Amino acid sequence: MDPRKLIFSVLAAGFSLASSPLVASTDTTTLAGPDVAYSSVTELSYSAAQQRVSYGDDPLQFIDLWPTSGVSAPLVVFIHGGCWLNAYNIDHTRPAATALQQAGYAVASIEYRRTGDNGGGWPGTWHDIQNAMQRLIALPELALRERQVVVMGHSAGGHLALLAGGAFAESVDHVVGLAAITDLAAYTAAEGGCQQAGAQFMQSASASDWQQANPITQDITVAVTLLQGGADSIVPTEQARAYAQKGAVQVVLAESAGHFDWVHPNTAAWQQLLTTLEAMHD
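Residues numbered from 1 in each chain as written. Predicted model: local features only at pLDDT ≥ 70, side-chain atom pairs only at ≥ 80, totals over all residues. Heavy atoms only, no water.

Visitor: Please explain the overall build of the protein chain as it appears in this structure.
Guide: Counting its regular elements, the protein chain contains nine helices and nine strands. Carbon and sulfur atoms make up 47% of the accessible area of the protein chain, which amounts to about 11,400 Å² in all. (Helix = DSSP H or I, 4+ residues; strand = E, 2+ residues; numbered from the N terminus. Areas by Shrake-Rupley, 256 points an atom, 1.4 Å probe, with all protein chains shown as cover.)

Visitor: Looking at this structure, how should I read the nonpolar core?
Guide: Generally speaking, nonpolar side chains in soluble globular proteins are found buried as a group. Ranked by internal contacts, the top residues of the largest apolar core, which has 53 residues, are Ile-110, Ile-129, Met-133, Leu-136, Val-151 and Val-224. Look past the residues within four positions of Val-151 in its chain and what remains in contact with it is Val-77, Ile-79, Met-133, Ala-161, Ala-164, Val-172, His-174, Val-175 and Val-176. With 30 residues, the next largest nonpolar core counts Ala-32, Ala-96, Ala-97 and Leu-273 among its residues. (Core = buried A, V, L, I, M, F, W, Y, C linked by side-chain atoms within 4.5 Å. Buried < 20%, exposed > 50% of the residue type's maximum accessible area, 1.4 Å probe, protein only. Contact = heavy atoms within 4.5 Å.)

Visitor: When you look at the pairing of strand β5 (residues 106-110) in this model, what are you seeing that I'm missing?
Guide: Put simply, side chains in a regular strand alternate between the two faces of the sheet. With respect to burial, β5 is a largely interior element, five of its five residues being buried. Direction of pairing for strand β3 (residues 62-66) relative to β5: antiparallel, over a ladder of four bridges. Following the sheet pairing, Ile-63 is matched in β5 by Ile-110. Of the pairings in the sheet, the one linking strand β4 (residues 75-79) to β5 comprises five bridges and is parallel in character. The partner of Phe-78 across the bridge, within β5, is Ser-109. (Pairing = 2+ DSSP bridges.)

Visitor: Would you mind going over the side chain of Gln-228 with me for this structure?
Guide: Residue position: Gln-228 is located in strand β8 (residues 223-229). Overall, the relative accessible area of 2% leaves Gln-228 in the buried class. Ignoring sequence-local partners within four residues, the contact set of Gln-228 consists of Ala-179, Val-235, Pro-236, Thr-237, Ala-240, Val-252, Leu-253, Ala-254 and Trp-262.

Visitor: Honestly, the packing of aromatic side chains in this entry has me stumped. Any pointers?
Guide: Ring pairs (aromatic) are described by centroid distance and by the angle formed between their planes. As enumerated under the stated definition, the model contains five aromatic pairs in all. Ring geometry for Trp-122 against Trp-126: centres 6.4 Å apart, planes inclined by 5 degrees, an arrangement best described as stacked. Of the two residues, Trp-122 and Trp-126, both sit in the buried class. Taken together through their ring pairs, the aromatic side chains of Trp-84, Trp-122, Trp-126 and Phe-201 make up a single cluster. When the ring centre of Phe-62 is taken as reference, the NZ or CZ atom of Arg-52 above it lies at 3.7 Å. Its guanidinium or amino end placed over the ring of Tyr-112, Arg-114 lies 5.8 Å from that ring's centre, counting from NZ or CZ. (Phe/Tyr/Trp six-rings, centres within 6.5 Å; stacked < 30°, edge-to-face > 60°. Lys NZ or Arg CZ within 6 Å of the ring centre and 35° of its normal.)

Visitor: Before we go on, may I ask you to explain the pairing of strand β7 (residues 174-178) in this structure?
Guide: With five of five residues buried, β7 lies mostly within the body of the structure. The two faces of β7 match: His-174, Val-176 and Leu-178 on one face and Val-175 and Gly-177 on the other face are all buried. Where strand β6 (residues 149-154) meets β7, five bridges bridge the pair, whose relative direction is parallel. Following the sheet pairing, Val-151 is matched in β7 by Val-175. Crossover handedness for the path β6 to helix α4 (residues 156-167) to β7: right-handed. Sheet topology places β7 next to β8; five bridges connect them, and they run parallel. Bridge pairing in β8 links Val-175 to Val-224. (Right-handed = clockwise from strand over helix to strand, strands pointing away.)

Visitor: Explain helix α9 (residues 268-280) here, please?
Guide: Note: α-helices contain 3.6 residues per turn, so residues at a spacing of three or four share the same orientation. For α9, spanning 13 residues, the distance from its first C-alpha to its last is 19 Å, which sits close to the expected 18 Å at 1.5 Å a residue. Where α9 is buried, its residues touch α2 (94-102), β6, β7, β8 and β9 (249-254). (Expected span 1.5 Å × (residues − 1).)

Visitor: Hey, could you run me through the environment of Val-36 in this one?
Guide: Within the secondary structure, Val-36 sits in the loop between β1 (22-24) and α1 (38-42). Separated by 227 residues in sequence, Val-36 and Val-263 place their C-alpha atoms 9.8 Å apart. Excluding residues within four positions of it along the chain, Val-36 makes contact with Val-41, Phe-260, Asp-261, His-264 and Thr-267.

That's the geometry; what it means functionally is another story.
What follows is the structure, given as structure tokens:
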């Protein structure tokens, strides 16, 4: 899919971006949030994955699948966040994966080694994402080449999703970043717990590693949509704003949404996410 085919609108409120197209979303009545807490996400119920596929020998190198019958439904390859730290695993995004399946999408959720895990951090974490993508492409039951493929990531997972979209552009139709960290260098230079975790994630990196690890320094080779909350205290709107300057990017701003609204299936931000996905395959 040519990213230049995206249709852009300019956000009229929040901040002025004459050269950076944004689509403003409108909050509706919600049953949760806005700006829900992480604990609210972890308390949600979910359906267990129907299948688990390994892509390596480490117990953390697996992909959980929530399939659909047939290959007409788009496949969402989901990469969870958590500041690249092993304190946060795939579990908190199982409700989101369940909700996506209930909305008609096939879901492949990737677990990977993170900072604090043996082999985690850069570049081991990135190698896990690459190997997981290669495994998904090779799975005959997914028929990945016959369906629309969206790589979606939240927060630090959004950073990895942008890298994956670029590396596997021939197999990916769209990348969706949910509060995605798009400029790794700028993010880790700022103050904050997740920012410090990012610096730890890259602690052994060389200058060339930083170039490879930072989405904002790379060409866009696949359509990208960034969904960003205006009330996000972990990933600031400047991350989406900076990446939008690259041109072939659509940014959807939910003014009152916080960081975890995008992975809580009972928020207005989640409804905005579903609307965004639906528009991609209309």
